[in-house]
Amino acid sequence: MDESTQKAEPDAPQYENPPPPEVSNPNKPGRMTNQLRFMENVVVKSLWRHHFAWPFLVPVDAVKLNLPDYYKIITSPMDLGTIRRRLRNNYYWSASECLQDFNIMFTNCYIYNKPTDDIVLMALALEKVFLSKVSQMPQREVDLPPTVSKGKVRSSSQEGQNTPLKCCGDILTELLSSKYAAFAWPFYKPVDTELLELHDYHDIIKHPMDLSTVKNKMSRGEYQDSQAFATDVRLIFSNCYKYNPPSHEVVSMAKRLQGVFERKFAKVPDEPVQMNTLAKAVPPDVGCQDRSDSAQLQEVKLAEGQLSTDAGAHGNKRASRNVASRHDCETDEESLQMTYEEKHLLSLEINRLPSQELGRVVEIIQEREPTTRSGNPEEFEIDFEVLKPSTLRELEGYVRACLNKRFQKYQKKNSLSPSGIGSGSNSGTSTSSESDFSSSDDRSPEDCDL
C-alpha cells in the first residue's frame, strides 16, 4: 500500500489551470460592427502572424510551465486565441470591449514578468503593431447586416489540398537540399547530446526541434496550417540562439538559414478564411502575412535555443563549408537584410547603452559608412534606412555583446542577494519582480531615427 501511495503522489497535481475564458454566451448580447469586423480581419490577423505572437496565442498553461502563482497574480487571463474566437462568435457588443481584452492581455504580461524579460520585449513589439493597426480603424462604429452563408463546406479533401501547406512542404524540401547544406547541416537531425557532450542541453532546451522532425510531422499531416509549420521551423533557430553564445559559428549559420526561410515563407499565400468560421474552435486562417509584416525578426533573442557544436567533432563538416559554392555568398548577403522590426529592436537596444559605449556605435557606423563622417559629431543621428545590412548586423553584434555583459553582472549581483530573482520559463513567462537592469542614460527612442 505504501508503494502504491508513493507512486500516486508524484502524479497528483499541486495545482490546476482554471477554465479558459468564455468565447460565447447566449445570455450576453453581441453583434457585428464595422469596427469589430476590422478588429477581426485586420488587427487580429496581423498580430496572429507576427513572429512574436506565439506565447499569446493560447491561455497560459501554468501547470506545464510550472508557474503555481500565475493565476493568483493574474485574475483576468486573456489571450489572442480567445479574442479571435470571441470575434468570430459575435461575442462583443462594441469594439471598446474587444480593445479592453487586448489591453488586459498586454497588461497581464507586464504585471507578471520582469521588465527585462524577453516576453516583455515581445509584448512591446506586438503592442506596437496592435496600436498601429488600431489607428487605421474606422472612426464611427455602425452595425453590419448579418452575412449570408455562401454554402461553402469544409471537407477533408479540401484540407488535403491546402495550398499554403503545399508551399511549406516545398520550402522544407529546399531547406534540406544541397543548395543550403553548407550552413543548414547542423539542423538536419536532433541534437546528439551524448556525442557532443552537451549534458545541460535538455535542461535548457525544453522543446527540441530539427528539420527532420518537421519533415516527419509534415508527412504525417500533423500541421493544420502554415503558421504551425513556421512555428516549429522558427523554434529550431530560437533554440540555437538560446543555447549558444552569440559569437558561436552555429549561430551565424542559423541566422543565414533563417534568412532564407523567412524570405521564402513571406511568399506563402494566405490560408482560406471563409469556410465554416463558427464550427472550429481555432480556424486555420494563420497563413503567411504580406511582406511588410511577415519578414519578422530573423534572430529571436528569446524563445528557447539549439545546438552547440564541438569544433573537433565537426571539423571535417566545417571544412566542407569552406569549399561551398560561391553563390552561397550571395545568399549570405541577402540573409543579412534587416526587417523593420529588427531595426526597431536594435534602436531600443542602442538607447539602453550608456554614453561611453555609444561612442563605439558611432565609430562602427563611420568606419563602414564613409558618407556619415561629415556633420556635427555631438548631434549624430542614426538613419537605419540608409545603413548597409552588414553595418546593421555589426551594430547588432556589438550592442548585444554590451547588453549581455551588463546582464551577466546583473545576474551575478542578484545571485549574491538573499532575495534573488527567480528564473524565467521557456515559454515566455517568468517570476514577477522589480529590476534595476536599465540604461544609465535617460534617453528616448527618438534619439535614433528609424
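Residues numbered from 1 in each chain as written. Predicted model: local features only at pLDDT ≥ 70, side-chain atom pairs only at ≥ 80, totals over all residues. Heavy atoms only, no water.

**Observations concerning the overall build of the protein chain**
- Across its full length, the protein chain holds 19 helices and zero strands.
- Residues classed as buried in the protein chain amount to 46% of the 450 residues present.
- Taking as baseline every contact in the protein chain between residues at least 6 positions apart, the subset at least 24 positions apart corresponds to 79%.
- Entry remark: accessible area of the protein chain is about 23500 Å², with carbon and sulfur atoms responsible for 51%. (Helix = DSSP H or I, 4+ residues; strand = E, 2+ residues; numbered from the N terminus. Buried < 20%, exposed > 50% of the residue type's maximum accessible area, 1.4 Å probe, protein only. Contact = heavy atoms within 4.5 Å. Areas by Shrake-Rupley, 256 points an atom, 1.4 Å probe, with all protein chains shown as cover.)

**Describing the packing of helix α12 (residues 226-243) against helix α13 (residues 249-265)**
- At a closest axis distance of 9 Å, the pairing of α12 and α13 adopts a crossing angle of 165 degrees. As far as their axial angle goes, α13 and α12 are roughly antiparallel. Of the two elements, α12 crosses α13, and the hand of that crossing is left-handed. For the pair α12 and α13, contact is made by Ser226, Gln227, Phe229, Ala230, Val233, Arg234, Phe237, Cys240 and Tyr241 and by Val250, Val251, Ala254, Lys255, Leu257, Gln258, Phe261, Glu262 and Phe265, respectively. (Axes fitted to C-alpha atoms, helices over the stretch in contact; angles between N-to-C directions. Parallel < 35°, antiparallel > 145°, perpendicular 65-115°, else oblique. Left-handed = near helix turned anticlockwise from the far one by under 90°.)

**Describing the confidence of the model for the protein chain**
- For the protein chain, mean pLDDT is 74; residues scoring 70 or higher make up 67% of the total.
- Within the protein chain, no element has a lower average pLDDT than helix α14 (residues 291-294), which sits at 38, and none a higher one than helix α4 (residues 80-88), at 94.
- In this model, residues 273-335 is a region of pLDDT below 50 whose contacts with residues beyond four sequence positions or in other chains number 190 contacts.
- Taken together, the stretch residues 417-450 has pLDDT below 50 and engages in 88 contacts with residues farther than four places along the chain or on a different chain. (pLDDT = per-residue confidence, 0-100.)

**Quick word on the pattern of salt bridges**
- Across all of its chains, the model carries 17 salt bridges by this definition.
- As a salt-bridge pair, aspartate 101 and arginine 86 come within 2.7 Å of each other at their nearest N and O atoms. Taken as a pair, aspartate 101 in helix α5 (residues 95-112) and arginine 86 in helix α4 lie far apart in primary sequence, 15 residues in all. The exposure classification of aspartate 101 matches that of arginine 86, with both residues buried.
- For lysine 114, the salt bridge is made with aspartate 117, and the minimal N-O distance between the two is 3.4 Å.
- Since its relative accessible area comes to 7%, lysine 114 is described here as buried.
- Residue class for aspartate 117 comes out buried when judged on its relative accessible area of 12%.
- Residues participating in the shared-partner salt-bridge network are Lys255, Arg393, Glu396 and Arg400. (Salt bridge = Lys/Arg side-chain N within 4 Å of Asp/Glu carboxyl O.)

**A look at the nonpolar core**
- Core analysis: the biggest nonpolar cluster contains 34 residues, and Met39 and Phe102 have the highest contact counts within it.
- Elements that contribute at least two residues to this core include exactly α2 (34-48), α4, α5 and α6 (118-134).
- A total of nine residues in this core trace back to one element, the largest contributor, which is α6.
- Dropping the residues within four chain positions of it, phenylalanine 102 is found in contact with Met39, Val43, Val44, Leu47, Leu80, Ile83 and Phe130.
- Grouped together as the second largest cluster of nonpolar side chains are 32 residues, Phe183, Leu211, Val233 and Met253 included. (Core = buried A, V, L, I, M, F, W, Y, C linked by side-chain atoms within 4.5 Å.)

**Focus: the environment of tyrosine 188**
- Structurally, the position occupied by tyrosine 188 is in the loop between α9 (181-184) and α10 (201-204).
- Each C-alpha atom, one on tyrosine 188 and one on leucine 211, is 5.0 Å from the other, the two residues being 23 residues apart in sequence.
- Not counting chain neighbours up to four residues away, the residues in contact with tyrosine 188 comprise Leu175, Leu176, Ser177, Ala181, Asp210, Leu211 and Ser212.

**Brief notes about the packing of aromatic side chains**
- Enumeration over the complete set of coordinates arrives at eleven aromatic pairs.
- Centroid distance tyrosine 70 to tyrosine 112: 4.8 Å. Interplanar angle 70 degrees. Geometry classified as edge-to-face. One end of the pair, tyrosine 70, is in helix α3 (residues 70-73); the other, tyrosine 112, is in helix α5, and 42 residues separate them in sequence. Accessibility classification places tyrosine 70 together with tyrosine 112 in one group, the buried group.
- Taken together, a centroid distance of 6.2 Å and an interplanar angle of 55 degrees make the contact between phenylalanine 229 and phenylalanine 261 tilted. In this pair, phenylalanine 229 is assigned in helix α12 and phenylalanine 261 in helix α13, connecting sequence segments 32 residues apart. (Phe/Tyr/Trp six-rings, centres within 6.5 Å; stacked < 30°, edge-to-face > 60°.)

**Topic: α5**
- Along its 18 residues, α5 runs 26 Å from first to last C-alpha, staying within 8% of the 26 Å computed at 1.5 Å per residue.
- Of the surrounding secondary structure, the elements contacted by the buried residues of α5 are α2, α3, α4 and α6. (Expected span 1.5 Å × (residues − 1).)

**A look at the packing of α2 against α4**
- At a closest axis distance of 10 Å, the pairing of α2 and α4 adopts a crossing angle of 150 degrees. Here α2 lies roughly antiparallel to α4, going by the angle between them. Note that α2 runs across α4; the crossing there is left-handed. Residues Leu36, Met39, Glu40, Val44, Leu47 and Trp48 of α2 form the contact with α4, whose own contacting residues are Leu80, Gly81, Ile83, Arg84, Leu87 and Arg88.
- Looking at the contact of α2 with α4 residue by residue, the class counts come to eight nonpolar, one polar and three charged. (Nonpolar A, V, L, I, M, F, W, Y, C, P; charged D, E, K, R; others polar.)

**So, the side chain of aspartate 232**
- Mapped onto the elements, aspartate 232 comes out in helix α12.
- Look past the residues within four positions of aspartate 232 in its chain and what remains in contact with it is Met209, Val214, Lys217 and Tyr223.

**Focus: helix α8 (residues 163-175)**
- Across its 13 residues, α8 extends 19 Å between first and last C-alpha, which sits within 8% of the 18 Å expected from 1.5 Å per residue.
- Residues Pro164, Leu165, Cys168, Gly169, Ile171, Leu172 and Leu175 constitute the buried set of α8. For α8, the buried positions fall inside an angular range of 160 degrees around the axis, keeping them on one side. Turned more than 90 degrees away from the buried face of α8 sit Lys166 and Thr173, all of them exposed.
- On its buried face, α8 sits against α9, α11 (211-219), α12 and α13. (Arc of directions from axis to C-beta.)

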